[in-house]
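What follows is each chain in one-letter form.
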Amino acid sequence: PVYDDQVTLTNHDWSFSVAATARELGLERLLVLNDFTALAMALPLLGVEEAYRVGGGQRHPASPIALIGPGTGLGVSGLIPAGDSWVPLQTEGGHVTLSPADRRQMEILARVGEEYGHVSAERLISGPGLVLLYRTIAALAGDTPAALTPAQITRRAEKGDCVHCEEAVAQFCSMLGTVAGNLALSLGARGGVYIGGGIVPKLGTSFAHSGFREAFEHKGRFQRYMAAIPTHVIMAPYAALMGAAQAYASPLPHIGVEAAG
C-alpha cells in the first residue's frame, strides 16, 4: 500500500522512503503510486487493438470501470467517472478472502487453508498461486508435484502433457473469473472489466476458451447483469507507463505519495 512516506513492497524484500529517494536522486518531483493505479489511468488511452474482448456485453458510458490482474501478486484498481475525467482507485483488493464456487474449489481451498490459514485471492490467483494450485492439485491426487515454474505449468497444460497442470490453469482462470465478477458487482462496473498483469496475456486464445467468463457471469439472480458487462485483456506492453505519465501530469490529489528533492 502507498499511503505514507515509507513504502514496503508486499511481494518483495524492498522498503524505501519517498522523500529520501527524491533527495538522493536530486529529483525536483517524485510521485510514487501503486502499479495498478497507474495501469488504471491508462485504460481510457488504450486503442482498440491494445485489448481484446472475452465474452459478450457492451460498455455502458459514464459508468465505473474495474481492473484486475495476476502477476507477482494480484493487482486490483478501477476508475470512477468524475465529469469529463476519471478518479483512479488505490486498493489492496488482491488480499480479499477467496471464495470457492464449487465442491472442487472447496476441496482445494481447504487444503491451502491448512497450510496458510487465510486464503486470499492473491494466494492462488498469481504466479506463485499458479504453482501452489498445481502443487495442491497433485497432492490431492496422491502424487508428488514436480518443481515447476508458472511458465512450465502453462506450457504443459497447453500441450496436454500433465493433467494436474491442466486443472491448475483451468482453476486459475475460473477463480479469476469469480473474483473479477465480485469486483464488477462491488464497483457497479458497467463500463467494463479489464485484465492486466503478466500472466493472462501470455495464455493467448486458451484464456478466451477457459472457464473465466462462465465464472464471471455465475452470480445467481444477477447473471443477466453480469452478462451485459464486457471483459477485456490488456495487450499493450507499456500500458502502466502510459498511466504513470498520465498520473504525473494529472491535477488530481491523493494518487500515490509525492515528494520533492
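Along every chain, residues carry numbers that run from 1 in the direction the sequence is written. Owing to the predicted nature of the model, reporting of local features is limited to residues with pLDDT of at least 70; listing and counting of side-chain atom pairs is limited to 80 or more, with chain, interface and lining totals taken over all residues. Calculated side-chain values reflect all of the structure's heavy atoms, with hydrogen atoms and water omitted.

Some points on the overall build of the protein
Phase 1: Of regular secondary structure, the protein possesses 12 helices and 10 strands.
Phase 2: Throughout, the radius of gyration refers to the C-alpha atoms, and the reference size of a globule is 2.2 Å times the residue count to the power 0.38. Whereas a compact globule of 261 residues would reach a radius of gyration of roughly 18 Å, the protein reaches 19 Å, a difference of no more than 12%.
Phase 3: Here's how the labels work: a residue is buried when its accessible area is under 20% of the maximum for its type, exposed when over 50%, partly exposed in between, all with a 1.4 Å probe on protein chains only. Scored against the burial criterion, the 261 residues of the protein give a buried share of 45%.
Phase 4: Here a residue-residue contact requires only that any non-hydrogen atoms of the pair lie within 4.5 Å. Counted over contacts in the protein with a minimum sequence separation of 6, partners at least 24 positions apart contribute 70%.
Phase 5: For the protein, the exposed surface amounts to about 13,200 Å²; the carbon and sulfur share of it is 54%.
Phase 6: For the protein, the distance from the average position of its 18 positive side-chain charges to the average position of its 23 negative side-chain charges is 7 Å. Secondary structure elements follow DSSP: runs of H or I no shorter than four residues count as helices, runs of E no shorter than two count as strands, and numbering proceeds from the N terminus. All accessibility values rest on the Shrake-Rupley procedure with a 1.4 Å probe; residue burial counts only the protein chains present in the view. The charge count treats Lys and Arg as positive and Asp and Glu as negative. His and the chain ends do not count. One atom stands in for each charge, and that atom is NZ of Lys, CZ of Arg, CG of Asp or CD of Glu.

A look at the layout of surface pockets
Phase 1: In this structure, the largest pocket spans a volume of roughly 1,000 Å³.
Phase 2: We place a 1 Å grid over just the protein atoms. Points where a 1.4 Å probe fits but has no way out form a cavity, open points with protein on both sides within 12 Å along at least 5 of 7 lines form a pocket, and any residue with an atom within 4 Å of a point lines it. Along its surface, the largest pocket is lined by 42 residues, and Leu9, Asn34, Asp35, Phe36 and Gly75 are the ones closest to its centre.
Phase 3: Among the secondary structure elements, those contributing two or more residues to the lining of the largest pocket are strand E1 (6-8), helix H2 (35-42), strand E5 (65-70), strand E6 (74-82) and helix H12 (239-249).
Phase 4: Grid points are joined across faces, edges and corners, and a volume is the space filled by probe spheres set on the points. In this structure, the second largest pocket spans a volume of roughly 410 Å³.
Phase 5: Along the walls of the second largest pocket sit 19 residues, with Thr154, Arg155, Ile199, Lys202 and Leu203 positioned nearest its centre.
Phase 6: Those elements that place two or more of their residues in the lining of the second largest pocket are helix H5 (127-140), helix H6 (150-159), helix H7 (163-187), helix H8 (200-203) and helix H9 (205-208).
Phase 7: The biggest single contributor to the lining of the second largest pocket is H6, with six residues.
Phase 8: All amino acids are sorted into three groups, where Ala, Val, Leu, Ile, Met, Phe, Trp, Tyr, Cys and Pro are nonpolar, Asp, Glu, Lys and Arg are charged, and the leftover types, Gly among them, are polar. Broken down by class, the residue content of the lining of the second largest pocket amounts to 10 nonpolar, five polar and four charged.

Topic: the state of the cysteines
Phase 1: Cysteine sulfur atoms are paired as a disulfide whenever they fall within 2.5 Å. Evaluation of the coordinates by the stated rule reveals zero disulfides.
Phase 2: Unpaired in terms of disulfides, Cys165 finds its nearest cysteine sulfur in Cys162, a separation of 3.3 Å.
Phase 3: Given a relative accessible area of 0%, Cys165 falls into the buried group.
Phase 4: Sulfur of Cys173: no disulfide; nearest cysteine sulfur belongs to Cys165 and is 13 Å away.

Here we look at the packing of aromatic side chains
Phase 1: Classification of ring pairs uses Phe, Tyr and Trp, with its six-membered ring standing for Trp, and accepts pairs whose centres are within 6.5 Å; under 30 degrees between planes counts as stacked, over 60 as edge-to-face, and the remaining range as tilted. In the structure shown here, the tally under the stated rule is four aromatic pairs.
Phase 2: Aromatic side chains Phe207 and Phe212 sit 4.9 Å apart centroid to centroid with 40° between the ring planes, which places their arrangement in the tilted category.
Phase 3: A network of ring pairs unites the aromatic residues Phe207, Phe212 and Phe216 as a single cluster.
Phase 4: If you follow Arg29 out to its NZ or CZ, it ends over the ring of Tyr248, 4.0 Å from the centre. In this scheme, the term charge over a ring applies when either NZ of a lysine or CZ of an arginine sits within 6 Å of the ring centre and within 35 degrees of the ring normal.

Brief notes about H5
Phase 1: The length a helix should cover is 1.5 Å for every residue beyond the first. With 14 residues, H5 should reach 20 Å at 1.5 Å per residue; the first-to-last C-alpha distance of 20 Å fits that figure.
Phase 2: Of all the residues in H5, the buried ones are Gly127, Gly129, Leu130, Leu132, Leu133, Tyr134, Thr136, Ile137 and Ala138.
Phase 3: In this structure, the buried residues of H5 make contact with helix H3 (103-116), helix H4 (121-124), H6 and H7.
Phase 4: A 3.5 Å cut-off defines polar contacts: any pair of N or O atoms within that distance qualifies, except that in protein one atom must be a possible hydrogen donor and the other a possible acceptor, and neighbouring residues in sequence count only when both atoms are side-chain atoms. The opening residue of H5 is Ser126, an N-cap whose side-chain oxygen sits 3.0 Å from the backbone nitrogen of Gly129.
Phase 5: Of the residues flanking the end of H5, it is Gly142, one or two places downstream, whose phi is positive at about 80°.

Comments concerning the pattern of salt bridges
Phase 1: The term salt bridge refers to a pairing of a side-chain nitrogen on Lys or Arg with a carboxyl oxygen on Asp or Glu at a separation within 4 Å. Applying the stated rule across the entire model yields five salt bridges.
Phase 2: Glu167 is paired through a salt bridge with Arg104; the nearest N and O atoms lie 2.7 Å apart. Taken together, the residues Glu167 in helix H7 and Arg104 in helix H3 connect sequence positions 63 residues apart.
Phase 3: Classification of Glu167 as partly exposed rests on a relative accessible area of 23%.
Phase 4: The exposure class assigned to Arg104 is partly exposed, which follows from its relative accessible area of 26%.
Phase 5: The partner of Arg135 in a salt bridge is Glu115, and the shortest N-O contact between them spans 3.5 Å. Pair noted here: Arg135 is in helix H5 and Glu115 is in helix H3, with a separation of 20 residues, a long-range link.

Here we look at the sheet that holds E6
Phase 1: At least two DSSP bridges between two strands are required for those strands to pair. If you walk across this open sheet you meet the six strands as E4-E9-E8-E5-E6-E7, and the pairing is mixed. At either margin of the open sheet sits one strand with a lone partner, and together these are strand E4 (51-54) and strand E7 (85-88). Neighbouring strand axes in the sheet, compared pairwise and without regard to direction, differ in orientation by 25° on average.
Phase 2: Note on geometry: axes are C-alpha line fits, over the in-contact stretch for helices, and angles between N-to-C directions span 0 to 180 degrees. H2 contacts E5, E6, E7 and strand E9 (231-234) of the sheet and is inclined by roughly 45° relative to E6.
Phase 3: Relative to the sheet, H7 contacts E5, E6 and strand E8 (193-195), its axis offset from that of E5 by approximately 155°.

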